[in-house]
Amino acid sequence: MAVILDGKSLAAAIRNEIREEAACLPRKPGLAAIMVGDDPASRLYVNNKEKDCAACGFYSRRFDLPGSVSEEELLGIIGKLNANAAVDGVLVQLPLPASISERRIVEAIAPEKDVDAFHPLSVGRMVYGKAPVWPCTPSGIAAMLDAYQIPIDGKICVMVGRSDIVGKPMGLLLLRRNGTVIYCHRHTRDLAAMTRQADILIVAAGHPGLITPDMVKTGAAVIDVAMNRDPATGAFTGDVCFDSVKEKASYITPVPGGVGPMTRAMLMRNVLTLAKLHMGLAEPGDIEY
Ligand code: GUN
């Protein structure tokens, strides 16, 4: 029976540390979050970001723009936020409507305010191992593994999913921490043969029930990133068959209450890190994951 990785409690403890550290700074760290359109999941995420900023004692600004907003208008807002000294991090909630180029928007965010680490310069820094901040979900997973003293060094790490937000940067982070990384995706021929090798199995596919016990090595750490909403009940489930896989794994994350709260806590930590850089209280190479 696996240890359940309690992301909720760990995230609350991290938020407390962040609030204490922020209170000692000469000014409040600031986050601006932009949401376009009215996707209910995105709205919930942005609402939570505002709440978390308040809980950490941060300054926050929020922009709710209609789905019909033009790329130029959005670029104009980002330009102003880039120039606003009270704002340390600029976040554009993804996905954006199909009429807007996500790449163009992400690349318009000043790299020093790129709190998600989605800008190509941030990605390059991640590849070379000199990134001040990492994307929130991968760094939240690493923080959770560290808190439970689950080693990454030398371990076989299988990443199911290769999204720009989770899978790709997660693999880079694990590689940087000396893991042996296998990426799996929809073209992978025998997924079970790959996942069975994993000491650390991270799943972000968005397919409920994808990972069954026969796909998991005894004693593995299993991290479920997915948040699939059951249309019938409205309940959230992950990609891992939790009840059966927990009997085989050593560690497992619940959904909800595992990765999600850690992602939120890491966003706050990233805002704090960028704020410290902007205030001259840290050097760019100081804070590395
Ligand atoms: N959409 C889903 N996850 C994220 C995230 O971490 N950052 C942003 N900006 N959009 C998202």
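Residues numbered from 1 in each chain as written. Predicted model: local features only at pLDDT ≥ 70, side-chain atom pairs only at ≥ 80, totals over all residues. Heavy atoms only, no water.

Before we move on, could you go through the sheet that holds strand β2 (residues 30-36) and cite the residues and values that matter?
The parallel open sheet is built from three strands, whose spatial order is β3-β2-β4. Here the strands that pair on one side only, and so sit at the sheet edges, are β3 (59-65) and β4 (89-92). Ignoring which end each strand starts from, the neighbouring axes of this sheet average 15° apart. Summarising the sheet, β2 and β3 pair through seven bridges and their orientation is parallel. (Pairing = 2+ DSSP bridges. Helix = DSSP H or I, 4+ residues; strand = E, 2+ residues; numbered from the N terminus. Axes fitted to C-alpha atoms, helices over the stretch in contact; angles between N-to-C directions.)

How would you sum up the nonpolar core? Please name residues and give values.
By size, the foremost hydrophobic cluster in this structure holds 53 residues, and its most contacted members are L31, F58, I141, I200, I202, M262 and M268. For this core, the element with the highest residue contribution is helix α10 (residues 259-278), accounting for 11 residues. Filtering out sequence-adjacent residues up to four positions away, M268 remains in contact with I18, L31, K49, D52, C53, C56 and F58. One finds A32, I34, L74 and V87 within the second-largest nonpolar core, a separate group that totals 20 residues. (Core = buried A, V, L, I, M, F, W, Y, C linked by side-chain atoms within 4.5 Å. Buried < 20%, exposed > 50% of the residue type's maximum accessible area, 1.4 Å probe, protein only. Contact = heavy atoms within 4.5 Å.)

Any chance you could break down the pattern of salt bridges for me, citing the residues and the numbers?
Applying the stated criterion to the full structure yields 14 salt bridges. Between R264 and D52 there is a salt bridge whose closest N-O contact spans 2.8 Å. Of this pair, R264 sits in helix α10 while D52 sits in helix α2 (residues 40-56), placing them 212 residues apart in sequence. Taking relative accessible area as the criterion, R264 reaches 30% and is therefore assigned partly exposed. With a shortest N-O distance of 3.7 Å, R103 and E107 are connected by a salt bridge. A residue pair is termed a helical-turn pair when its members lie 3 or 4 positions apart in one helix, as R103 and E107 do in helix α4 (residues 102-108) at four residues. On the accessibility criterion, R103 (38% relative accessible area) is partly exposed. Under the relative-accessibility criterion, E107 is labelled partly exposed at 42%. It is possible to trace a salt-bridge network through shared partners that takes in R43, E50, R62 and D64. (Salt bridge = Lys/Arg side-chain N within 4 Å of Asp/Glu carboxyl O.)

A description of a nonpolar patch on the surface should follow, citing residues and the corresponding values.
Taken together, the side chains of V123, V127 and Y128 define a hydrophobic patch exposed on the protein surface, amounting to about 330 Å² of accessible area. Tracing the chain through its elements places V127 in helix α5 (residues 120-128). (Patch = residues over 30% accessible without salt bridge, like charges linked within 9 Å, V, L, I, M, F, W, Y side chains within 5 Å. Areas by Shrake-Rupley, 256 points an atom, 1.4 Å probe, with all protein chains shown as cover.)

Account for the site of the ligand, with residues named and values stated.
Looking at the ligand, the residues that line it are L91, V92, Q93, L94, D116 and F118. In the environment of the ligand, a nitrogen atom lies 2.8 Å from a nitrogen or oxygen atom belonging to the backbone of L94. Within the complex, the protein chains bury 82% of what would otherwise be the 280 Å² of accessible surface of the ligand. Residues of the shell around the ligand, tallied by class, amount to four nonpolar, one polar and one charged. (Near = heavy atom within 4 Å. Polar contact = N/O pair within 3.5 Å; in protein donor to acceptor, adjacent residues only side chain to side chain. Nonpolar A, V, L, I, M, F, W, Y, C, P; charged D, E, K, R; others polar.)

Describe the environment of V133, naming the residues involved and giving the relevant values.
Tracing the backbone shows V133 in the loop between α5 and α6 (136-147). The spacing of V133 and A86 is 47 residues in sequence and 19 Å in space, taken between C-alpha atoms.

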